[in-house]
Amino acid sequence: MNEEAKKPEGLRSMRELVSEIEALKRDALALGDERHVERQRAKGKLDCRARIDALFDPGTFQEFGILAYHHPKPENARTPADGVVTGYGKIAGRWVACAAYDFTVMGGSIGETGERKVTELREMVAKWGIPIVWLIDSAGARIHTEGGFGGMMARGEGDIRKEARRTGMGASIFAYSGALFREQSILSGVIPQVCAMMGPGAAGTAYIPGLADFVPMVKGTSSMGLGGPYLVKAAVGEDITEEDLGSKLHNTKSGVADLEVPDDAACIASIRDYLSFFPSNATEAPPVIPCDDPIDRADDDLLDLVPVEPRKVYDVKKVVKRLADHGKLFEMKPLFARNLVTALVRIGGRPAGVIANNPMFYGGVLDVDASDKGARFINLCDAFNIPLVFLMDTPGFLIGTKAEEQGIIRHGAKMVHAVSCATVPKLTVVLRKGYGAGYYAMCGKGYEPDHIVAWPTAEISVMGPEGMVSIFARKLLMAQEDPAPMAKFLADKIRETIDPVIAAGWGYIDDIIDPRQTRKVLATLLEVTRNKTVQRPYRKHGVGPV
């Protein structure tokens, strides 16, 4: 007698049950309503499952919560996975968790069931010590559905408070949902957090990138704001569009985003590339990869890239590329505060975070935005054990009433605070100018660099010679019919006193090197300092400038 014959009447067999579950899962894989799926693809966007397939190594993604749906279940709408796909898989062989919001399901809005799934995901990564990636394509909090206030109003419910209690929607759910930001804050510096903006991110889904470590945005299709166009119009009467809140704003002005990419495929590639520099969590060392680019290669171009004239401009990124393995750098915030370059590179196969003044923009001065950018990057690298390389060529911090109104003191203090507290290996190369407090912020001798070297063009001083002349020789210059020749004469004399040979003679720098040897010096130091430890006085946490 077969198993089917033994089965009590009215009960389904195991095969039938398994088949039914498989059918439900296949249905969930089909995403939301077909018209929403087609609309997504018509915009040149990948659907959330295609994004997951591109992000993870083939066949490694393990999803949970696929059978979830919105409650109460809508009669005329599909809500597979309740609009967010959650799970974990391997990226370049290492485990990473992911929450991908599905815009084809209720605009990818945050629902109660979906948020339970993402909460479980955050608990997983905290226990397992693996990175988390959000793929944001979401209208924010869910308020427009049958079980939400929008649905109640549309149905003309007589007692909205009673209906809210029945459905579980309303302020009570909102009051609990904020835990996601608290948990994300607690995970900061514990595991790498990536938030890719691959569509809109409004209100609730706008703070996720605000608290993440790396935020790429897709040009033309992504946006983020605490209020979307309709809410902004209702609240403050301003007419805006999604494009007004798009990648250009957040990459060039606000500084919330870290990278602008042309399409979804490039966005996914940037996530994989970014994570390759980082350990899985703060207790591990960053991954070292084999390097077939000789560390002792001498690049003659370095002799000509940095002009000997202290005020002449050049692009420091050309220097960084010649120091990095195969000339590759992963730049963070390349369109924001362009007077400071922050980039992840490998030198001899070892990851390093480069902070470099760029005289191509504003002479490499450190202004409010550059200070914030530098402090953020220093803290990021220090949190995940990535050594820091400072390439110094700055006239110092920006001065003047406008800069003071913007708070240059407190913003500049952020960068000084960050470099002071960093305990990872810190390597400093003075390319040319190191003036004033800019010398401090770029890890001068007093800021515990493990090694500080200079190129022959280096100048280290409280300020530039011209500035000193304008102060101490003010009366002398005022007495001259033409003060320019006298000012130049005095500045040239002062320049002789800030020669790097004098600093080396006093032991204020460790060596003056041939620029062509910079890569070899850095590669050697990154290897020898790999086990660096620093003991600090006990404290709960510092009280940093804001």
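Scroll up to find the structure this text is about.
This one's a predicted model, so the numbers in the text were calculated from it and none came from an experiment. (Residues numbered from 1 in each chain as written. Predicted model: local features only at pLDDT ≥ 70, side-chain atom pairs only at ≥ 80, totals over all residues. Heavy atoms only, no water.)

**A short note on the packing of helix H16 (residues 368-383) against helix H18 (residues 408-421)**
How two helices sit against one another is set out by the angle between their axes and by the gap between those axes.
Okay, so step 1: Contact geometry for H16 and H18: axes closest at 8 Å, N-to-C directions at 20 degrees. One finds that H16 runs roughly parallel with respect to H18. Taken as a pair, H16 and H18 cross one another with a handedness that is left-handed. Two secondary-structure elements touch here, H16 through Val368, Ala370, Ser371, Asp372, Gly374, Ala375, Ile378, Asn379 and Asp382 and H18 through Ile408, His411, Gly412, Lys414, Met415, Ala418, Val419 and Cys421. (Axes fitted to C-alpha atoms, helices over the stretch in contact; angles between N-to-C directions. Helix = DSSP H or I, 4+ residues; strand = E, 2+ residues; numbered from the N terminus. Parallel < 35°, antiparallel > 145°, perpendicular 65-115°, else oblique. Left-handed = near helix turned anticlockwise from the far one by under 90°. Contact = heavy atoms within 4.5 Å.)

**With respect to the environment of Thr394**
Okay, so step 1: Mapped onto the elements, Thr394 comes out in strand E12 (residues 388-394).
Okay, so step 2: Of the residues examined, Thr394 reaches a relative accessible area of 0% and is grouped as buried.
Okay, so step 3: Taking C-alpha positions, Thr394 is 5.3 Å from Lys433, a pair spaced 39 residues apart along the chain.
Okay, so step 4: Thr394 has contacts with Asn357, Gly364, Val365, Leu366, Lys433, Gly434, Tyr435, Gly438 and Met442, leaving out every residue within four places of it along the chain. (Buried < 20%, exposed > 50% of the residue type's maximum accessible area, 1.4 Å probe, protein only.)

**Section: the pattern of salt bridges**
Any two side chains of opposite charge can pair, on the condition that their charged atoms come close.
Okay, so step 1: The full count for this structure, using the stated rule, is 33 salt bridges.
Okay, so step 2: Between Asp137 and Lys45 there is a salt bridge; the shortest N-O distance is 3.1 Å. With Asp137 in strand E4 (residues 132-138) and Lys45 in the loop between helix H3 (34-42) and helix H4 (48-55), this residue pair connects regions lying 92 residues apart in the sequence. Per residue, the accessibility class of Asp137 equals that of Lys45, and both read buried.
Okay, so step 3: The salt bridge involving Arg182 is made with Glu183; its shortest N-O contact spans 3.6 Å.
Okay, so step 4: A single salt-bridge network, built from bridges that share partners, covers Lys45, Arg51, Asp137 and Asp264. (Salt bridge = Lys/Arg side-chain N within 4 Å of Asp/Glu carboxyl O.)

**Description of the packing of aromatic side chains**
Here the distance between the centres and the angle between the planes together describe a pair of aromatic rings.
Okay, so step 1: With the rule as written, the count across this model stands at 13 aromatic pairs.
Okay, so step 2: Between Phe214 and Tyr274, the ring centres sit 4.3 Å apart and the planes meet at 10 degrees, which makes this aromatic pair stacked. With Phe214 in the loop between helix H10 (204-211) and strand E6 (216-218) and Tyr274 in helix H13 (residues 264-275), this pair connects stretches of sequence that are 60 residues apart.
Okay, so step 3: You can call Phe214 buried: its relative accessible area is 0%.
Okay, so step 4: Residue classification places Tyr274 among the buried residues on the basis of a relative accessible area of 0%.
Okay, so step 5: Ring centres of Trp506 and Tyr508 lie 6.3 Å apart, and the angle between their planes is 10 degrees; on these two criteria the pair is classed as stacked.
Okay, so step 6: The exposure class assigned to Trp506 is exposed, which follows from its relative accessible area of 64%.
Okay, so step 7: Of note, Lys45 hangs over the ring of Phe103, and the distance from its end group to the ring centre comes to 5.2 Å. (Phe/Tyr/Trp six-rings, centres within 6.5 Å; stacked < 30°, edge-to-face > 60°. Lys NZ or Arg CZ within 6 Å of the ring centre and 35° of its normal.)

**With respect to helix H9 (residues 179-187)**
Okay, so step 1: Taken residue by residue, H9 has Ala179, Leu180, Glu183, Gln184 and Leu187 as its buried positions. What you see down the axis of H9 is that its buried residues fit within an arc of 135 degrees, all on one side. Opposite the packed face of H9, turned more than 90 degrees from it, sit the exposed residues Arg182 and Ile186.
Okay, so step 2: Remark: Gly189 follows H9 within two positions and exhibits a positive phi of approximately 80 degrees. (Arc of directions from axis to C-beta.)

**A look at the pairing of strand E2 (residues 84-91)**
Okay, so step 1: Among the 8 residues of E2, 6 are classified as buried, and the element is accordingly described as predominantly covered.
Okay, so step 2: Looking at chain direction, strand E1 (residues 62-64) and E2 are connected through 3 bridges and run antiparallel. Considered in E2, the bridge of Glu63 is made with Gly87.
Okay, so step 3: Between E2 and strand E3 (residues 94-101), which pair antiparallel one after the other, the connecting turn spans 2 residues, and Ala92 there sits at a positive phi close to 55 degrees. (Pairing = 2+ DSSP bridges.)

**Some points on the pairing of strand E13 (residues 426-435)**
Okay, so step 1: Of all the 10 residues making up E13, 10 are buried; the element is thus mostly covered by neighbouring parts of the structure.
Okay, so step 2: Bridging between E12 and E13 involves 6 bridges; their strand directions are parallel. Across the sheet, the residue bridging to Thr394 is Gly434, located in E13.
Okay, so step 3: Both E13 and strand E14 (residues 451-454) contribute to a ladder of 4 bridges, which runs parallel. Counted as the bridge partner of Val429 is Val453 from E14.
Okay, so step 4: Where the polypeptide runs from E13 across helix H19 (residues 436-441) and back to E14, its parallel neighbour, the crossover connection is right-handed.
Okay, so step 5: Sheet analysis places E13 next to strand E15 (residues 459-461), joined by 3 bridges and oriented parallel. Residue pairing in the sheet places Lys433 in a bridge with Glu459 of E15. (Right-handed = clockwise from strand over helix to strand, strands pointing away.)

**Things to note about the nonpolar core**
Okay, so step 1: Leu135, Ile271, Tyr274, Leu344, Ile355, Ile378 and Met415 are the most contacted members of the largest nonpolar core, which totals 66 residues.
Okay, so step 2: For this core, the leading source of residues is H16, giving 7 residues.
Okay, so step 3: Discounting chain neighbours no more than four positions away, the residues touching Ile355 are Leu340, Val341, Phe377, Ile378, Leu388, Val389, Phe390, Leu391, Met415 and Met442. (Core = buried A, V, L, I, M, F, W, Y, C linked by side-chain atoms within 4.5 Å.)

**Topic: the side chain of Thr342**
Okay, so step 1: With respect to the element layout, Thr342 can be found in strand E10 (residues 340-347).
Okay, so step 2: Not counting residues up to four positions away in its chain, the partners in contact with Thr342 are Phe330, Glu331, Met332, Val354, Lys373 and Phe377.

**Re the environment of His250**
Okay, so step 1: Looking at the element boundaries, His250 is found in helix H12 (residues 247-252).
Okay, so step 2: Residue classification places His250 among the buried residues on the basis of a relative accessible area of 9%.
Okay, so step 3: Between the C-alpha atoms of His250 and Pro483, which are 233 residues apart in sequence, the distance is 46 Å.
Okay, so step 4: With near-sequence residues (within four places) excluded, His250 lies in contact with Met217, Met224, Leu245, Gly255, Val256 and Ala257.

**Structural notes on unusual backbone geometry**
Okay, so step 1: Residue Pro72 is reached from His71 by a cis peptide bond, and omega for that bond is -10 degrees.
Okay, so step 2: Note that Pro72 resides in the loop between E1 and E2.
Okay, so step 3: Although it is not a glycine, His326 adopts a positive phi angle of roughly 55 degrees.
Okay, so step 4: Take His326: it is sitting in the loop between helix H15 (316-323) and strand E9 (329-332).
Okay, so step 5: A relative accessible area of 48% means that His326 is categorised as partly exposed.

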